[in-house]
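Structure assessment
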Amino acid sequence: MKIIGTGSVHPKCSVSNEMLEKFLETTDEWITERTGIKERCVISSEKLEDLATEAANKALENAGLTAKDIDFIICSNVVNEYVTPALSCIIQGKLGATCPTVDINAACAGFIFALDMAEDKLQCKKAKNILIVCAEEPSRMVSWKNRSTCVLFGDGAGAAVVTEGDEMKAIRLTTSSLTDVLYYQRALEPTPYIDKEENYEPLVMRGREVFKHAVTSSCRDIRTLLNQTNLKPEDIKYYVLHQANRRIIDSIRNFLGVDEACVPHNVERYGNISSAALPALLDELNREGKLQKGDKLVFSAFGAGFTTGACIIEWAK
Ligand code: UT7
């Protein structure tokens, strides 16, 4: 597998920490110190499927392909306005593609899970060009009265086009059922027969536990892959890490002992945009001309589940 195109889109409404101070008992100082986030883009008048389609079109253009060249679409998404049909079905129609599609939900690690599925399909020769779109609106899962969660998230979409190649060097996925540290339950329609107790509330997160799991699992995944590929930490051009919190990113970097310049971040501008974070940051690096053919990149992400995913790829463009 190799990545041949990237794209990303963020909603137009940028919400600064100062704007949050107006209706939450919080301060720019607290948010900046604990998370590194200064602003986040949240959906206002846009629809997530339109952001996703725009990001996908940018990735296709970057890859020099059209929607007709795509053999399969994988969409990583946690929530959107539709429960069914899958978001990937809506995106397929808007793009004018005709291939089969599927949605996956591996929370914030969704991009790596999608890369793994794509790699399998390519190896089985079931597809030649695959579009991965990660589209997320976590701003609709949190209570905007809860300062512990709403300040952390933003919305957005990131996409990548992958095709046959030998540039995926190693990949690792993990799931450990740890469902009470981070979850969001949606209310379903009532029926005349439901007699169980159901409690619905906005996103619940035990932040400190998530923080700890995030740092230990990401370091473990990255070390495992470096060992597997006989690479040293300094052989990696960029560590493209999940953008949840600047302190998590810095802790992982310190544990690995790598230079600050090797760990790019944009969490300060976008907050945590779940699975869209990785492809959006990759797209930024790509468009800023920071990636050269042959560069080795580490991707690593973690999310509700608890899911983790990491891989080492070689940049092919
Ligand atoms: O994709 C995975 C998604 N999740 C994450 O990555 C989150 C991982 N966790 C974290 O990033 C951190 O745990 C947080 C940023 C969520 C919180 O930072 P913390 O240093 O772990 O703070 P805390 O939760 O222990 O809270 C410390 C204090 C509390 O007050 P008391 O009980 O000490 O009086 C909170 O009520 O900070 C308070 N607090 C706030 N104060 C001002 C919580 N949120 C805010 C806020 N503004 N926005």
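Structure shown above.
Below: a short report on this structure. (Residues numbered from 1 in each chain as written. Predicted model: local features only at pLDDT ≥ 70, side-chain atom pairs only at ≥ 80, totals over all residues. Heavy atoms only, no water.)

Among the nonpolar cores identified, the biggest contains 42 residues, and I222, Y239 and I252 are the most heavily contacted of them. Secondary structure elements with two or more residues in this core: α7 (207–228), β11 (238–241), α8 (246–256), β12 (296–303) and β13 (305–314). For this core, the element with the most residues is α7, which contributes seven residues. Counting residues domain by domain, this core receives three or more from each of domain 1 (2–165) and domain 2 (170–314). (Core = buried A, V, L, I, M, F, W, Y, C linked by side-chain atoms within 4.5 Å. Buried < 20%, exposed > 50% of the residue type's maximum accessible area, 1.4 Å probe, protein only. Helix = DSSP H or I, 4+ residues; strand = E, 2+ residues; numbered from the N terminus. Domains from an automatic or database assignment.)

Turning our attention to the packing of aromatic side chains. Following the criterion strictly, the structure yields one aromatic pair and no others. When the ring of F111 is compared with that of F299, the centres are 6.0 Å apart and the planes differ by 45 degrees; the resulting orientation is tilted. Here F299 lies in strand β12 and F111 lies in helix α5 (residues 110–123), a separation of 188 residues in the sequence. Note on F111: relative accessible area 1%, which makes it buried. Sitting over the ring of F72, K121 keeps its end group 4.5 Å from the ring centre. (Phe/Tyr/Trp six-rings, centres within 6.5 Å; stacked < 30°, edge-to-face > 60°. Lys NZ or Arg CZ within 6 Å of the ring centre and 35° of its normal.)

Around the ligand, 22 residues are found, and the nearest of them are T26, R34, R147, R208 and N245. Measuring from an oxygen atom of the ligand, one finds a side-chain N or O atom of H242 at 3.3 Å. Taking 960 Å² as the accessible area of the ligand by itself, protein coverage stands at 75%. Counting residues per element, the shell around the ligand draws most heavily on α7, at four residues. (Near = heavy atom within 4 Å. Polar contact = N/O pair within 3.5 Å; in protein donor to acceptor, adjacent residues only side chain to side chain. Areas by Shrake-Rupley, 256 points an atom, 1.4 Å probe, with all protein chains shown as cover.)

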